[in-house]
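# Chain and residue survey
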Amino acid sequence: MKAIRRFTVRPVLPEPLRPLSDLARNLRWSWHAETSDLFQSVDPERWAASERDPVRLLGSVSPARLAELAQDRRFLRRLTAAADDLADYVGGERWYQTHPGELPAAIAYFSPEFGVTAALPQYSGGLGILAGDHLKAASDLGVPLIGVGLLYRHGYFRQSLSRDGWQQEHYPVLDPNELPVALLREEDGTPAQISLALPGGRPLRARIWLAQVGRVPLLMLDSDVEENDLGERGITDRLYGGGSEHRLLQEMLLGIGGVRAVRTYCRLTGHPQPEVFHTNEGHAGFLGLERIAELCDQGMDFDAGLEAVRAGTVFTTHTPVPAGIDRFDRELVATHFGPDAELPRIDVEHILRLGMETYPGGEPNLFNMAVMGLRLGQRANGVSLLHGQVSREMFAGLWPGFDAEEVPITSVTNGVHAPTWVAPEVLRLGARQIGAQRTEDALTVGGSERWDAVADIPDQDIWELRRNLREQLVVEVRERLRASWRQRGAGSAELGWIDGVLDPDVLTIGFARRVPSYKRLTLMLRDRDRLMDLLLHPERPIQIVVAGKAHPADDGGKRLVQELVRFADDPRVRHRIVFLPDYGMAMAQKLYPGCDIWLNNPLRPLEACGTSGMKAALNGCLNLSVLDGWWDEWFQPDFGWAIPTADGTGTDPDHRDDVEAAALYDLLEQRVTPRFYERGQGGLPDRWIEMVRQTLTLLGPKVLAGRMVREYVERLYAPAAHAHRAMDPDSARELAAWKGRVRSAWHTVTVDHVEASAATATAELGTTLNLRVRVGLGALGPDDVEVQAVSGRVDPEDRIADATTVPLKPAGGPDPDCRWTYEGPLSLDRTGPYGYTVRILPAHRLLASGAELGLVARPSDELAEAPGVLLR
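Heads up: these notes are all about the structure in this document. (Residues numbered from 1 in each chain as written. Predicted model: local features only at pLDDT ≥ 70, side-chain atom pairs only at ≥ 80, totals over all residues. Heavy atoms only, no water.)

### A short note on the overall build of the protein chain
A count of helices and strands for the protein chain gives 28 helices and 29 strands. In terms of overall size, the protein chain behaves like a compact globule, its C-alpha atoms giving a radius of gyration of 29 Å where 872 residues would be expected to give roughly 29 Å. Considering only C-alpha atoms, the protein chain reaches an extent of 95 × 70 × 50 Å along its principal axes. Per-residue burial for the protein chain yields a buried fraction of 57% across its 872 residues. Taking the contacts inside the protein chain whose residues are at least 6 apart along the sequence as the reference set, 73% of them involve residues at least 24 apart. Carbon and sulfur atoms provide 49% of the accessible area of the protein chain, an area that totals close to 35,500 Å². For the protein chain, the separation between the mean place of its 96 positive charges and that of its 121 negative charges on side chains is 5 Å. (Helix = DSSP H or I, 4+ residues; strand = E, 2+ residues; numbered from the N terminus. Rg over C-alpha atoms; globule rule 2.2 N^0.38 Å. Buried < 20%, exposed > 50% of the residue type's maximum accessible area, 1.4 Å probe, protein only. Contact = heavy atoms within 4.5 Å. Areas by Shrake-Rupley, 256 points an atom, 1.4 Å probe, with all protein chains shown as cover. Lys, Arg positive; Asp, Glu negative; His and termini not counted. Charge placed at Lys NZ, Arg CZ, Asp CG, Glu CD.)

Given below as structure tokens:
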């Protein structure tokens, strides 16, 4: 029989055990070993059965066991210590509180997914894991962040395999009452709600669930409430599910509803209102519209509200390909805004202009969420140095007239939350070396360039650690593989071979990620004979553990999974290569430490960052990767290998895969496996151990989420807060009016004449030229513009590279034709082909960048000199 209603019956904890409830409800237990160990000691078997989830554990422990623990003085001492430690962690001063300078009172961080712990399955892949690590690192540093997302009743799908290796999806129902979350409630105890207006004036209501991530509150909106119609209840059903309108409503709820949830939370708790709003990818971009509407209600017009909102907004893009961005039909967006729907006070045309692809090569009928994010954020960044460059090129159309390198998109390279991803054995080795507190500080706050204490760890200790972790992975893989084969329909009598799968003394390679085509899951299968030779080599074998999910709608990705599974099913190699279904955080925490090599072979430059290799590196695993994402930035031969790429524009994709697969096989055969298996005089692989040591010493401090969040605070959050404070209502109106005036007059701005003191085509190094420029400013004046000399080396087509800009000063004017004269020196500080030009940019004290308006005036072709100035 099936129950007609479901509810959760919670145990009543004896008074001495009440702190267990607080510990379970704060997700710090997921990265704090002492608290996790405490829960395990409550009931080790039930801890394992609950998949290491304290809320589920406490819901299943017998009253007799709880009564026994309430009398256990040793357990109570540990409980008191854990509760005191959490109170100190949540309330004490941390890095942010002692940082000099005026920092934001609070920051709101919006993301469509958050991977905090496997016990709260609200993530699909790298974007969510990154967001979870961002919250945890902010908590460790004391950054006053508020996380904002959605609570999906089915989360992302669970993956299994059919008998023939085809991916199958399952969507288990998640009961929020069984998750480590609590309803945000009004002062009278009723659940707090926000609402949005749907077309026709129908309300979409949502409750607000609160997950406490250390010091950081994470607010998650849930539309599955009784007051909604069935269709509206399903808006927060699945992560990245449904059609266009479904996704649009999810993103409106996340952005607009998220701002309303933040206001509600701050009203009820007294938390400071955010000065900075951080949009993690374009999905949450509508948050800017809600904030403009708030200001319009206070008397601002739309343009002034836009300037005020932009000042305090940070936008992070994570995709290096246009296909990865959410785009909606213009009419669909228009239907959901305006007098009969959401934000009725704002003209729909204003909203549409923010997202339309009104630039060369754009689709004029599509509303682009990333474009809106960039137009609503005064500060923007990619997630690695290379991805910042790719993003500047990809979005250059929004800043016409500027070279890609001047597009105002910077980069903050991602990091990973070390306490979450570093194996306990690695932490213990660090604590033994430098002490527990110094180890914790090194992994959370960071700040040092190198971890030189690693040099003092004996080779034998490093090698024993690596073998121990590899052995744990072998046990884990066999358990998961056996469970997977049973799901595929195999009986126990067929599975005896699994006891021989993997070997703790064989070089182990890991490959685990989402399965879009550009990540090339099956590149390793390009030459199956060579791969078999590597797997079965009599002296230097390798073994490979693979995991990954294809999107439910991506049959091409599913075919890649099936192709790899079928190869791994071959009785000749199935003891050396395995595919593990249902890749998630719990599996990853065993997989990263247990591998010797982390393999990554995307199509360069399509991997924005690729943080899985960072997590592996923190455990002493070496990276073998295409130079893409973070590896392009930090690779050194001392601690890994770079797979050569054939990424010329004319390269045939099949030929490229052949070339890069061959390079991968060559590296494994000639450099990687020999180094792992060769032994020094002491019987240890000395050169391999040295690479592990260099990985920990040099990469460890770089790949930390603590380093990443500190960069966000110093380079983006603090400047955004400063700009937000400067943008009072009068300043916002002034800037909006000034921009309107400059845009309308810019067609009259010209560079009319340029002359230099040197008339020859050559000059000596160190010479200073005196430039004299006549410009037309029309209705504008010198206070509205900056006239610049731009100089640098030139290529054969006279394009300036590594440009240096120098402002020129007004020297006279205006004449009757509104022309002004500007002058200034130009120092010739480099040899070789050299050139200069002159340009005019808008200038205002409240602009973050001279490129912000996308306006520039340059000399006409007739004025430009044909040869550059040659120096010798």
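### Remarks on the nonpolar core
Among the nonpolar cores identified, the biggest contains 107 residues, and Met524, Ile544, Ile597, Leu624, Trp641 and Trp688 are the most heavily contacted of them. Non-local contacts of methionine 524, meaning those with residues more than four positions away in its chain, are made with Phe511, Leu531, Ile544, Val546, Leu564, Ile577, Leu599 and Tyr665. (Core = buried A, V, L, I, M, F, W, Y, C linked by side-chain atoms within 4.5 Å.)

### Re the packing of aromatic side chains
Within this structure, the stated rule accounts for 20 aromatic pairs. Centre to centre, the rings of phenylalanine 676 and tryptophan 688 are 5.1 Å apart; their planes meet at 90 degrees, and the pair counts as edge-to-face. With phenylalanine 676 in helix H25 (residues 653-677) and tryptophan 688 in helix H26 (residues 686-699), this pair connects stretches of sequence that are 12 residues apart. Comparing phenylalanine 676 with tryptophan 688, the two get one shared label, buried. Members of the aromatic cluster, each reached through a chain of ring pairs, are Trp463, Trp641, Phe676, Tyr677 and Trp688. Over the ring of tyrosine 89 we find arginine 28, and its NZ or CZ is 4.1 Å from the ring centre. (Phe/Tyr/Trp six-rings, centres within 6.5 Å; stacked < 30°, edge-to-face > 60°. Lys NZ or Arg CZ within 6 Å of the ring centre and 35° of its normal.)

### Re helix H9 (residues 244-269)
Its 26 residues give H9 an end-to-end C-alpha distance of 36 Å, which sits within 8% of 38 Å, the value for a rise of 1.5 Å per residue. At glycine 257, H9 is bent by approximately 35 degrees, the largest bend along its length. One or two steps after H9, the chain reaches glycine 270, where phi turns positive at roughly 80 degrees. (Expected span 1.5 Å × (residues − 1). Bend = angle between axes of the 7 residues up to and from the residue.)

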